[in-house]
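Residue strings, one per chain:
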Amino acid sequence: MPDFAIGESDFLLDGRPFQIISGALHYFRIHPDSWADRIEKARLMGLNTIETYVPWNLHSPRPGVFDTSGLLDLGRFLREVADAGLYAIVRPGPYICAELDNGGLPAWLFRDSSVGVRRYEPGFMSAVTQYLQDVLEIVRPLQIDQGGPVLLVQVENEYGAFGDDQTYLKAVAEVIRGAGTTVPLVTVDQPTDAMLAAGGLDGVLRTASFGSRVPSRLEALRKHQPTGPLMCMEFWDGWFDYWGGRHHTTSAAEAAAELDALLAAGASVNIYMFHGGTNFGLTSGANDKGVYRATVTSYDYDAPLDEAGNPTEKYHAFREVISRYAPVPDELPAIRPPAREFGVALADPIGLLQGCGGAWSEHAALPTLDDLEARLAIFRTELRGAGPALLTFGEVRDRVQVFLDGAPVGVLERERHERAIMLPHTRGRLELVVEDQGRVNYGPRIGEPKGLIGPVRLGADELTGWSACVIDLDNLPRLWDSAGPTPSALGIGPTAWRATFETGGESDLFLRTDAWGKGLAWVNGFCLGRYWRRGPQETLYVPAPLLAQGTNTLVVLELDVMDTPTATFTGSASLGFTDL
C-alpha cells in the first residue's frame, strides 16, 4: 500500500517529496450527481487533492442519528475522488465554521445549558467522541495506507481564534487517533503568534489560513512549525456574502499571483474554495461581531468554479499558474449551453396565519424556537387592553413579524438591534411570526438559543398564555394535501404558493427571486434555500439532477409580499447577484 508521511521539510509520498495542490469541495453543498463533474474539473485545473469539511449538524440533526444519505454520503464522495485519481483531505472538526449554521455544531447539543462549547467538558466530549467515531468509521478504510485517497485528517478548526484549552485539543486528537486514523494529523490557524500557539498541538503539523502576503504568512507559520512542510490549508481566493451586503469578488490576477508565490516557495496549498456550491435548505450560518449578518444561500465564493460548476476567469488563471509547478491535463472542461428562460404563474395560495399546517401547543410563557425544535414558528395570544402600548422583547433572534387581528403592524430585526414596537391598540389577537435566519458560525455566540429571548412585555406587564405552532418546513411542499386554498390571505403574513413547469431535465436552471420579498423555495420537494429582496443574491440555483423530464413542482413560502405571484426560470447566472 502507498505510504504518506511528514518529512523534515516536505510531505513524503512513498518516500518522495510531494507538494499538495488541493481545492475545497464541500460534498454537502453540491448535488451528489454533480460530484463527479466538479471533481473532474478540479483534475483538469491541475489539482492533485480534494479537501472537504464534514458537517456534524447535517449528519446528526437529532441525537443518536448519523445520516449518510443523499448529499451526506461522505463515503461515496471520497470514492469518487479516488476514482478520478486524486487524493483527499478530511476536516471533521467537530467545529468547522464554513459559514455553516452554528459552525457545524448541532443545535440540539446546547439545549442542555451545562454542555460546554469547544472545551474539555464531559457532555461536549461525550457527544464529540461519538460523532468523530461515526465519521472515522467511514474514513478509516479510505486512508491512503488502506488503498484509499485520504492523506490528512484535521484536528478541530482555527481553534486559536476561539480558545486555548490544550486539554480539549489533545482529547480531540486522541479520539481521532483512537478511531483508527493512521495518516498524519494537522491543525490550522490564522498566521499570528497568538493563534498558532493557542490552536496548535505538539506532534501535530501546524498549517495556516490566509489569502495574501504569502512571504510574511509563511514566515509566521515557520516560527511555530520549525520543521516539516509548510502548508496553507485555506488559501482564500474569494469570500462569502451576507444579506444586505455587496457581492464579494476578488481579482483573478492578484489571486493567481499569490498562488504563484505559495507554490514557488515550495509550500503545499488547499484553495478555499475551488467550488463553493450552495447552502441548500436552511444550512447557511451568520456572523455577529456587534452586528448580526446572515449568510446568503449561494456559496459561490467567487471561486474558480461558479455556483453552477462553470469555469471562471480565476479557473484559467489558476490553471496557468499550477502548470508551472505540476502536470496539468491538456483538455479543458466543456462549456454547457444555458437553458431557455420561461415563466409560470404561482397559484393555490395558503395563508399560514389561517392554518399553519401543524398542531398548536399551549405555553404559560413564550417558548424559544429551541424549546420547540423549530426554525420558523407562529405564536399567538389574546390581548385584553384598550389603547396603544409598547410591545418589547428581551432580544430578537433573528426576525419577528407582528400582526394584530390579522393585520401587519411591523417587523423587528436582530441586525438592527430592534426590540420594541408600538401597537395601535391592545385588544384582540396578537400573532408573532418568528424566524431563525441562521445560527452564528464564528466567535463567542456559537451555540446560543434562537427565537424571542427574555420576557415579552406589553407596557410594564409580561404577556402570558401563549399558543405556538411550528411551521414544518420539511412538510411544507405537501401542505395542499391537508389544507385548502385561502385566497383571502393573499399578501397578509406567510403564504405558501405552488406551480408546475415542464423541462427536459438536462440543464441547470436559476430561479429569479428579485421580484419577491423574503422566503424559501422548493423544487420537487427539495429546499433550494432562502431568498430575500435585500440582495445581493437575486436567483436560486436549481441543479439539473433535481429536475425531471416532464412535469416538475415549485413551492414557494413567501413571508413578506411578492410584487407579482410569478416565477421566472433562466439558464444564465448573470442575474445571480446585484452589487449594492
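Look up a bit, the structure's there.
Residues numbered from 1 in each chain as written. Predicted model: local features only at pLDDT ≥ 70, side-chain atom pairs only at ≥ 80, totals over all residues. Heavy atoms only, no water.

**Concerning the environment of Thr278**
Defined as follows: Numbering of helices and strands runs from the N terminus, with a helix taken as a DSSP run of H or I at least four residues long and a strand as a DSSP run of E at least two residues long. Burial classes: relative accessible area under 20% of the type maximum marks a residue as buried, over 50% as exposed, and values in between as partly exposed (1.4 Å probe, protein chains only). Contacts between residues were defined by any pair of non-hydrogen atoms, one from each residue, lying within 4.5 Å. Polar contacts, as counted here, are pairs of nitrogen or oxygen atoms within 3.5 Å of one another; within protein the pair requires one atom able to donate a hydrogen and one able to accept it, and residues that are adjacent in sequence qualify only if both atoms are side-chain atoms.
Among the structural elements, Thr278 can be located in the loop between strand S11 (268-275) and strand S12 (286-288). We classify Thr278 as buried; its relative accessible area is 2%. Separated by 29 residues in sequence, Thr278 and Glu307 place their C-alpha atoms 6.6 Å apart. Setting aside residues up to four positions removed in sequence, Thr278 forms contacts with Arg29, Thr297, Tyr299, Glu307, Leu528 and Tyr541. A distance of 2.7 Å separates polar atoms of two side chains, one belonging to Thr278 and the other to Glu307.

**A word on the pattern of salt bridges**
A pair can form between side chains of opposite charge whenever their charged atoms are brought close. Definition in use: Think of a salt bridge as a Lys or Arg side-chain nitrogen and an Asp or Glu carboxyl oxygen that are within 4 Å of each other.
Overall, the coordinates contain 39 salt bridges when judged by the stated rule. With a shortest N-O distance of 3.5 Å, Arg293 and Glu415 are connected by a salt bridge. Of the two residues, Arg293 sits in strand S13 (residues 292-294) while Glu415 sits in the loop between strand S20 (407-413) and strand S21 (420-423), which places them 122 residues apart along the sequence. Accessibility expressed as a relative area gives 31% for Arg293, which makes it partly exposed. Here Arg498 and Asp348 are joined by a salt bridge, their closest N and O atoms 2.9 Å apart. Highlighted residues: Arg498 in strand S26 (residues 495-503) and Asp348 in strand S15 (residues 347-351), separated in sequence by 150 residues. Among the residues examined, Asp348 registers a relative accessible area of 32% and is labelled partly exposed. Where salt bridges share partners, they join Asp101, Asp288, Arg375, Glu395, Arg397, Asp398, Arg414, Asp436, Arg445, Glu448 and Lys450 into one cluster.

**A look at the state of the cysteines**
The cut-off we apply is this: When two cysteine sulfur atoms are found within 2.5 Å, that pair is recorded as a disulfide.
A complete count under the given rule lists one disulfide for this structure. Residue Cys356 pairs covalently with Cys469 via a disulfide, S to S 1.6 Å. Disulfide Cys356 to Cys469: torsion about the S-S bond roughly 55°, handedness right-handed. Here the residue Cys356 occupies a position in the loop between S15 and strand S16 (360-363), and Cys469 occupies one in strand S25 (residues 466-470), the gap between them amounting to 113 residues. Since its relative accessible area comes to 4%, Cys356 is described here as buried. The closest cysteine sulfur to the non-disulfide-bonded Cys97 is located on Cys232, 15 Å from its own sulfur. Look at Cys232 and you get buried, because its relative accessible area is 0%.

**Some points on the side chain of Thr207**
Relative to the helices and strands, Thr207 resides in strand S9 (residues 205-210). Reaching out from Thr207, the side chain makes a polar contact with the backbone oxygen of Thr187 at a distance of 2.7 Å. Aside from chain neighbours lying at most four places away, what touches Thr207 is Val186, Thr187, Val188, Asp189, Leu196, Leu221, Met231 and Met233.

**Brief notes about empty space enclosed by the protein**
Gaps between atoms show up when a probe of the same size as a water molecule is rolled over them. Counted only if it meets this: Put simply, the grid is 1 Å and covers the protein atoms alone, a cavity is a trapped set of points that fit a 1.4 Å probe, a pocket is an open set with protein on both sides within 12 Å along at least five of seven lines, and lining residues have an atom within 4 Å of a point. Grid points are joined across faces, edges and corners, and a volume is the space filled by probe spheres set on the points.
Counted by the stated rule, this structure contains four cavities of 30 Å³ or more. Here the largest cavity is characterised by a volume of approximately 70 Å³. Around the largest cavity, the lining residues are Leu282, Arg375, Leu376, Glu435, Asp436, Leu473, Gly519, Leu520, Arg530 and Leu559.

In short, shape yes, function no, at least from these values alone.
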